Protein chains: 2
Amino acid sequence: MDSLKKSFDAIPIAPAAHVVHADTTSPATWRQALDAHPSVPTKTFELIKTLVYKPKTAKTATPVPVVVIARDDTETNSGAIGKKLGLKELRLAPEDLLTEFFALDKNSLSPLALNAETFPKVATVVDSSIASSSSLFAVHALSSSSTVFFSGKDIIAYLRHLETDAVKIQEVDFTNLDSAPAAKPAAKPAPKEKEDAKIEGAVQIAIGVKKEVDFPAWYTNVLIKADMLDYYSVSGCYILKPWSYSIWEEITQWFNAEIKELGVQNSYFPMFVSQKVLEREKDHIEGFSPEVAWVTRAGNSDLEEPIAIRPTSETAMYPYYAKWIKSHRDLPLKLNQWNSVVRWEFKNPQPFLRTREFLWQEGHTAFLTKPEADTEVRQILDLYRRVFEDLLAVPVIPGVKSEKEKFAGGLYTTTVEGFIPTSGRGIQGATSHCLGQNFSRPEMFNIFVEDPNDPTQGKTYVWQNSWGLSTRTIGVMVMVHGDNQGLVLPPRVASVQVVIVPCGLTAKTTEESRAKVNTACEELVKTLKKAGIRAKADLREGYTPGYKFNDWEQKGVPLRLEIGPNDLAKQQTLSVRRDTGAKNPVDLANIGPTVTALLDTIQSDMFSKAKATYDSSIKEITHWDDFVPALDAKNIVAIPWCEVEECEDDIKERSGRASEPQDERAPSAGAKSLCIPFDQSRWAPIVAGQTKCAACGKDAKRWTLYGRSY
Amino acid sequence: MDSLKKSFDAIPIAPAAHVVHADTTSPATWRQALDAHPSVPTKTFELIKTLVYKPKTAKTATPVPVVVIARDDTETNSGAIGKKLGLKELRLAPEDLLTEFFALDKNSLSPLALNAETFPKVATVVDSSIASSSSLFAVHALSSSSTVFFSGKDIIAYLRHLETDAVKIQEVDFTNLDSAPAAKPAAKPAPKEKEDAKIEGAVQIAIGVKKEVDFPAWYTNVLIKADMLDYYSVSGCYILKPWSYSIWEEITQWFNAEIKELGVQNSYFPMFVSQKVLEREKDHIEGFSPEVAWVTRAGNSDLEEPIAIRPTSETAMYPYYAKWIKSHRDLPLKLNQWNSVVRWEFKNPQPFLRTREFLWQEGHTAFLTKPEADTEVRQILDLYRRVFEDLLAVPVIPGVKSEKEKFAGGLYTTTVEGFIPTSGRGIQGATSHCLGQNFSRPEMFNIFVEDPNDPTQGKTYVWQNSWGLSTRTIGVMVMVHGDNQGLVLPPRVASVQVVIVPCGLTAKTTEESRAKVNTACEELVKTLKKAGIRAKADLREGYTPGYKFNDWEQKGVPLRLEIGPNDLAKQQTLSVRRDTGAKNPVDLANIGPTVTALLDTIQSDMFSKAKATYDSSIKEITHWDDFVPALDAKNIVAIPWCEVEECEDDIKERSGRASEPQDERAPSAGAKSLCIPFDQSRWAPIVAGQTKCAACGKDAKRWTLYGRSY
């Protein structure tokens, strides 16, 4: 900040405030960080965006970067800017150019990156509406985690004081800029620009970023704009707002009913685990210890020994299993708990997918025999499959994890694996572990009974399972179904399945007619609720039907019913599907069953569509040469595999190196094994001793899914 | 431990193990601590109890205390011991005698308290079955938080080596001891002895301690033996087992449905709160900071700044309320969350009543106007009243807290106050707070909108409420309804409402008849389930009906149905009510409605009985002289009160000093105001300027409940 201070000292401007916050990686996260910050002086500030373009120049010429400084809401069209400046094919500058010119990454860029040294080397274009605005503007203080606030006038004053006789800023009125492209795109499509991700002409409440172009920003925007989530002042933690929490409630209700049928009982164990208990199982704790959060102080007193917050509850629960299980009559013991666990990840957090605290259920069961444990592992896994497929309309593939990928300390892990088509990556859905006797054996938790079938044999150590499903489910659902209008919710989990919007009311509509339409909407809600449908009428005054359509589309409500005076006259309503946009008139008579059937259709269509995409993205690969190209084309691959751990390490290594990074937010990591599917019948039978591993050429055992993954 | 070591060195005995654990205050907590301890060498150890009696002696004589060392399960009858030793009126020795003789409190006493110095001064009586037992025995190592394990032989060897020519131990076979009292009780009843709390002849699974005699031990035993709860390796934290968690599930389901009707939505905020946010409200944080648990480390890294675990979520949530509430259209905002909070109390923990982590719901709402907020405060309070009265059959009195007792940082607090007849203490049930504008004002969270009714007025700061109901509810229910057979569950919250036990099957019963009875039990379960009743048949082999009766009585199942061959012949079943023990035959025809009605009767009878007791325990007091005696007689009092804080301080002071301690586990603390009941009509109207405060004589304002409390 010293260099900043010096700049301000040179001219009579001073920031209205300076705040330090979490790292920000997009306008959305930046705004969230500031909105959450208590020291931000106003609610109504605007963000300043700073974009750097590189024009196409002769190879021998030194390019002059174009720095565009604009209000975040201003549509800045690179074609129009190029035309205005007489430059060809402006492209967003690569990261290394930013480093070279400004020693900053793109998330830290701001007008303050321009100083006496850099300003003369670039062309500076300034959004002319900044100067005249009465807004307070947020500007990165040479860091993505630090922001200063200036008036528009001060920003312009700062830039003007850098001007020389030779180099001036150019103020541009972007609203009047000719947006025709300055030049035709090259025959070979150039890499998409980030700026293209902005959806042209999108109204204020729309998502604003295209899913296919900037997937991470799209994901964040959908979550925020659909009111699913908000960022929180503790990094890596998020607020689950009612719109997403209600989905979790649907999942918990369904799953609770199912596991109770299996004889599982709910309970609650404390969130704290003593250090000694936590560290009992060596392999297990090795898997978790780098992420354990420790309480060391209460009030003003230091605790005698630090106490962990559970990252999972095996070691917290099993000392009590040892106590409670005294005889084979106490078996099976089947407990579940709904709670939150803490894994203090230092990797980039992602809402729902990787968060430091998350909600889940964890089931912990103990059996007399392995076959009983094996059976339950698969029963639970099938419930997980149904949560994804039947509730969330998200296809998954059930299978077993490789030795390398199994649960730390367990015997084997089964999983349902999902797929995110937009990124071409696999994603673990939920896992059901057989722990074997690893936790029950005498040197561990010593959980045994006398074997009733063979009393001469003495102690039999119990067979244990643990299984968990988390709020990650919600993130996967958003990524799979969402589109450029926002969230798309499967009817089974939508807290509002049908929204009814009154339409066709104009200034000329009589009060009577208006009242009639509103009443009809309310009546329709009642009718649908009686039919067991979660319906809502949007009778907000002062909003156009178009605004309401956008609002509910963004929030993903599966079905919209429009009712106007004409519809009423015909005793019908217009139905609009969120998933397909299909519009159809529906008779008001018998509407309960009609809408119920329509919601069922939407649910199954959403699943079928996602399933077709998943299926077509699994490439059967038998030659290594085809492996990485298939991944690069956003597929996962099925290979005949030897199931040797070294081979898996090798695959990761080779598939990581082989391709270039496409996007700094989703680097092309190496492929991991996703699962060995239980259903091997999709592929040609493996012939023992004949079918070879596609990676190493040794004898293959089973078809295995590999992919880049979350 | 050095003095211990020396003792062992003198004779050839050595402990089998030595473990350190949480402080223990009763045999039940001691056993729990040991059961939970990983280093205890066996599951089948027994506890040694060490009781010290003081015989009645002439005032001039020095009493010789009698030390009784016995297996915890051995019935030691003080009358019989006195008779055997020729001593009159043995009474459990007061704490100061223990300190004088052994420099130990009663929870640390053990055979090891006897040494070369103390042994000659006392008479030592030893349970003769110790020497012959093959059990391993747990013995306190001169501390209530430290235990060593010895064989019975070693314990006797230890005591024998202390013997002198003059002083020997006396081995007594308690099973053959004449239990007739040695002497008639004195005319004026002496204070009850602790040992009397043991219920004579109780079978192994019964509660074993009388509710009226040793209430704290009774409470712990009921919770453990009814399978509600287990102790946990982190002090102050408890495991909620399915039998209690299912009650919480009933409460959450009912309450969720009710608040959703009020437009409240569920959400989830992170458990972590940054230090800065937590400490924003001064009064508020002063109330909580001594109990806040701090996370300072994650994995091996120290955090840059410590992060608190929420003790409650006002300060965590309200920065976001400031962000989300932009216009009056965003009001009211009504969010609730079901979570756990942590208050690291250093006072003695008590299961459900005072625990370091507890489950609750916390509602946080914001309104445009005070009247709206006031209305909701009372709506929610009435839901809390219904949780207690309608679900748990526990009467409560709704009212407002005094200024001294209100929520830290709030405007006013309403409460439903319960009463525990056995201890004569009040207990806060749940609270609904109006926070006023204390958290919304500009120097706090700055939550405002433009007033739509008066745009010229500018900013209007929102009116906020917060309200919470915790698992404490369950503890209150146990204390109010439980009896000497164990738990008594109100039907509305019992996870098993009816248990069906096959009876009248003897060795002579034919296989066919036996099968017929079992089938009839299963059929009956189906019939009852169809009628919406939670029923279960106990068809366990190898247990007598008597054992099963005890088992389910202990667990509090509201209704038992017995079916034997004779019942079947008559097409009837015998119903036995848990609350009254009343037995009645019930026709199997139409049994669904009959049992439903019977459960309703049980529910309302339980409430009526508890209500009558509560009502009769509220003493109307207008003269200070009657105040403390009423409390000492296990009542709470209603007084005309001035509502001045200094007067409340004074009442606490005066009522604390005024009576002697009766029981070291429930010292006679001073009385606090419990609430100012909304319903003042119970008492004579207060006449302004005429009715005087019963405590200070100034003008009284309203009738106020005062009492000792939890």
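All of these numbers come straight from a predicted model, not from anything done at the bench.

Let's shift gears to the pattern of salt bridges. All names here are of chain A. All told, the structure shown has 67 salt bridges over all chains when counted by the stated rule. Residue lysine 404 pairs with aspartate 649 through a salt bridge whose shortest N-O separation is 2.7 Å. Remark: aspartate 649 occurs in helix H19 (residues 645-657) and lysine 404 occurs in the loop between strand E17 (397-400) and strand E18 (412-420); sequence separation between them is 245 residues. Residue class for lysine 404 comes out partly exposed when judged on its relative accessible area of 33%. Close ionic contact of arginine 560 with glutamate 562 constitutes a salt bridge, the shortest N to O distance being 2.9 Å. Arginine 560 sits in the buried class, given a relative accessible area of 7%.

Let's shift gears to the packing of aromatic side chains. In total, this model carries 56 aromatic pairs over all chains according to the counting rule given. Relative to Trp324(A), the ring of Tyr320(A) has its centre 6.1 Å away and its plane inclined at 45°; by these criteria the two rings are tilted. Placement of both Tyr320(A) and Trp324(A) in helix H11 (residues 314-324) is noted, with a separation of 4 residues, approximately one turn of the helix. You'll find Tyr320(A) and Trp324(A) in the same group, each marked buried. An angle of 15° between the planes, with centres 5.4 Å apart, marks the rings of Phe419(B) and Tyr614(B) as stacked. Separated by 195 residues along the polypeptide, Phe419(B) in strand E18 (residues 412-420) and Tyr614(B) in helix H17 (residues 591-616) bring together distant segments of the chain.

Two faces, one strand: in a regular strand the side chains alternate between the faces of the sheet. Residues and elements named next belong to chain B. Pairing between strand E12 (residues 272-274) and strand E14 (residues 301-309): 3 bridges, direction antiparallel. Bridge pairing in E14 places valine 273 opposite alanine 308. Examined bridge by bridge, strand E13 (residues 293-298) and E14 share 4 bridges and lie antiparallel to one another. Within the sheet, the bridge partner assigned to tryptophan 294 lies in E14 and is alanine 308. Count of turn residues in the E13/E14 antiparallel hairpin: 2 residues, of which glycine 299 carries a positive phi of about 60°.

What follows deals with the nonpolar core. The biggest cluster of nonpolar side chains holds 213 residues, and the ones touching the most others in it are Phe272(A), Ile309(A), Phe272(B), Ile309(B) and Tyr321(B). With residues up to four places along the chain from it excluded, the contact list for Ile309(A) reads Met271(A), Phe272(A), Val292(A), Ala293(A), Val295(A), Val342(A), Met271(B), Phe272(B), Val295(B) and Ile309(B).

Residue and element names in this part refer to chain A. Here the bond from leucine 331 into proline 332 is cis, since omega is -10°, no more than 30 degrees from zero. Its place among the elements puts proline 332 in the loop between H11 and strand E15 (333-342). Despite not being glycine, asparagine 590 has its phi angle at roughly 60°, a positive value. By secondary structure assignment, the location of asparagine 590 is in the loop between strand E27 (583-587) and helix H17 (591-616). A positive phi angle is found at glutamate 643, which is not glycine, with a value near 65°. Within the secondary structure, glutamate 643 is located in the loop between strand E29 (636-641) and H19.

Let us look at the packing of helix H7 (residues 215-225) of chain B against helix H13 (residues 472-481) of chain B. Residue and element names in this part refer to chain B. It is at 11 Å that the axes of H7 and H13 come closest, and there the two elements cross at 115°. As judged from the angle between their axes, H7 and H13 are roughly perpendicular. Handedness of the crossing formed by H7 with H13: right-handed. In this structure, H7 uses Phe215, Trp218, Tyr219, Val222 and Leu223 to contact H13, whose residues at the interface are Gly475, Val478 and Met479. Here the contact of H7 with H13 is composed, by residue class, of 7 nonpolar, 1 polar and no charged.

The residues that UniProt annotates with the feature "domain: Aminoacyl-transfer RNA synthetases class-II family profile" (unreviewed entry) are residues 245-490 of chain A. A distance of 15 Å separates the end C-alpha atoms of residues 245-490 of chain A, which is 29% helix and 33% strand.

Let us now look at the relation of the copies chain B and chain A. Superposition record for chain B on chain A: RMSD 0.3 Å, screw rotation 180°, translation along axis 0.0 Å. Interpreted geometrically, this transformation is the action of a two-fold axis. Of the C-alpha atoms belonging to chain B, the one lying closest to the rotation axis is found on Val295(B), 2.1 Å away. An overlap of 100% is found between the interface residues of chain B and their copies at the interface of chain A, pointing to a shared contact surface.

Cut-offs used in this document
Residues numbered from 1 in each chain as written. Chains lettered and ligands numbered in written order. Predicted model: local features only at pLDDT ≥ 70, side-chain atom pairs only at ≥ 80, totals over all residues. Heavy atoms only, no water. Salt bridge = Lys/Arg side-chain N within 4 Å of Asp/Glu carboxyl O. Helix = DSSP H or I, 4+ residues; strand = E, 2+ residues; numbered from the N terminus. Buried < 20%, exposed > 50% of the residue type's maximum accessible area, 1.4 Å probe, protein only. Phe/Tyr/Trp six-rings, centres within 6.5 Å; stacked < 30°, edge-to-face > 60°. Pairing = 2+ DSSP bridges. Core = buried A, V, L, I, M, F, W, Y, C linked by side-chain atoms within 4.5 Å. Contact = heavy atoms within 4.5 Å. Axes fitted to C-alpha atoms, helices over the stretch in contact; angles between N-to-C directions. Parallel < 35°, antiparallel > 145°, perpendicular 65-115°, else oblique. Left-handed = near helix turned anticlockwise from the far one by under 90°. Nonpolar A, V, L, I, M, F, W, Y, C, P; charged D, E, K, R; others polar. UniProt positions renumbered as here; feature names shortened; annotations may be inferred. Least-squares fit on C-alpha atoms with pLDDT ≥ 70 in both.

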